[in-house]
Every structure is written in C-alpha cells, then in structure tokens.
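Breakdown of the fold
The primary structure of each chain is shown beneath.
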Amino acid sequence: MRHTLSILLQNEAGALVRVAGLFAARNCNIDSLTVAVTHDPNVSQLTLVMQGAESTVQQIIEQTRKLVDVIEVSRPIFLLHS
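Just so it is clear, the model here is predicted, and its values are computed rather than measured. (Residues numbered from 1 in each chain as written. Predicted model: local features only at pLDDT ≥ 70, side-chain atom pairs only at ≥ 80, totals over all residues. Heavy atoms only, no water.)

Looking at a nonpolar patch on the surface
Judged by side-chain polarity, Leu 16, Leu 33 and Val 35 come together as a nonpolar surface patch covering roughly 220 Å² of accessible area. Within the secondary structure layout, Leu 16 lies in helix H1 (residues 15–25). (Patch = residues over 30% accessible without salt bridge, like charges linked within 9 Å, V, L, I, M, F, W, Y side chains within 5 Å. Areas by Shrake-Rupley, 256 points an atom, 1.4 Å probe, with all protein chains shown as cover. Salt bridge = Lys/Arg side-chain N within 4 Å of Asp/Glu carboxyl O. Helix = DSSP H or I, 4+ residues; strand = E, 2+ residues; numbered from the N terminus.)

Pasting the structure below:
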C-alpha cells in the first residue's frame, strides 16, 4: 500500500540524509521525495511517498520522530472530490 508522510525538520545540514538513512537502514524505498522551505527559514517541509505494510510505516514514523532534527511527523489525509 502507498503511504504519504509529511515531516517538518530543522533546516540543518545533514537533516535530510539522516531521514533518508533511516529508511535505507530498514530496507524501505522512498518512491517520491519533495523538500521545501516553510514560512520559517529554519524549518523545512519534507513530503515523501513510500510503499509498505502498515506495521512498517508505523515503525518508521516512531523512529523518525526520535531523530534530533525532526520537529513533527504526520500522515496527511487526502479527500477526493467527485
């Protein structure tokens, strides 16, 4: 199943590498990754798409939250309009 994660992290050198390294250490591929600055130049918004089991995603979310540079991890809810 496809999952989207939204991560706010400190705009520091190496922050993205630490997040990506966590995925690599768990043999989890990132299908899509976008990073942009927020209204606060010290904070970046990272949005990534991955495939995996729900248990794997929950484990990665919990471990990502423990990283020093990570401020918040969430799973956006997408509403489809007909």
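After that view, the rundown keeps rolling.
Description of the nonpolar core
Core analysis: the biggest nonpolar cluster contains 16 residues, and Leu 5, Ile 7, Phe 23, Leu 48 and Met 50 have the highest contact counts within it. Broken down by secondary-structure element, the contributors of at least two residues to this core are strand E1 (2–10), H1, strand E3 (43–51), helix H2 (54–65) and strand E4 (70–74). Counting residues per element, this core draws most heavily on H1, at 4 residues. In this structure, Met 50 is in contact with Met 1, Arg 2, His 3, Leu 5, Phe 23, Cys 28, Asn 29, Asp 31, Val 57 and Ile 60, ignoring residues within four places of it in sequence. (Core = buried A, V, L, I, M, F, W, Y, C linked by side-chain atoms within 4.5 Å. Buried < 20%, exposed > 50% of the residue type's maximum accessible area, 1.4 Å probe, protein only. Contact = heavy atoms within 4.5 Å.)

A short note on the pairing of E3
Bridging between E1 and E3 involves 9 bridges; their strand directions are antiparallel. Looking at E3, one finds that Ser 6 is bridged to Thr 47. Here 7 bridges tie strand E2 (residues 30–37) to E3, and the two strands are oriented antiparallel to one another. Within the sheet, the bridge partner assigned to Thr 34 lies in E3 and is Thr 47. With antiparallel pairing between neighbouring strands as the criterion, E2 and E3 make up a hairpin whose turn holds 5 residues. (Pairing = 2+ DSSP bridges.)

Honestly, it's all geometry; don't read function into it.
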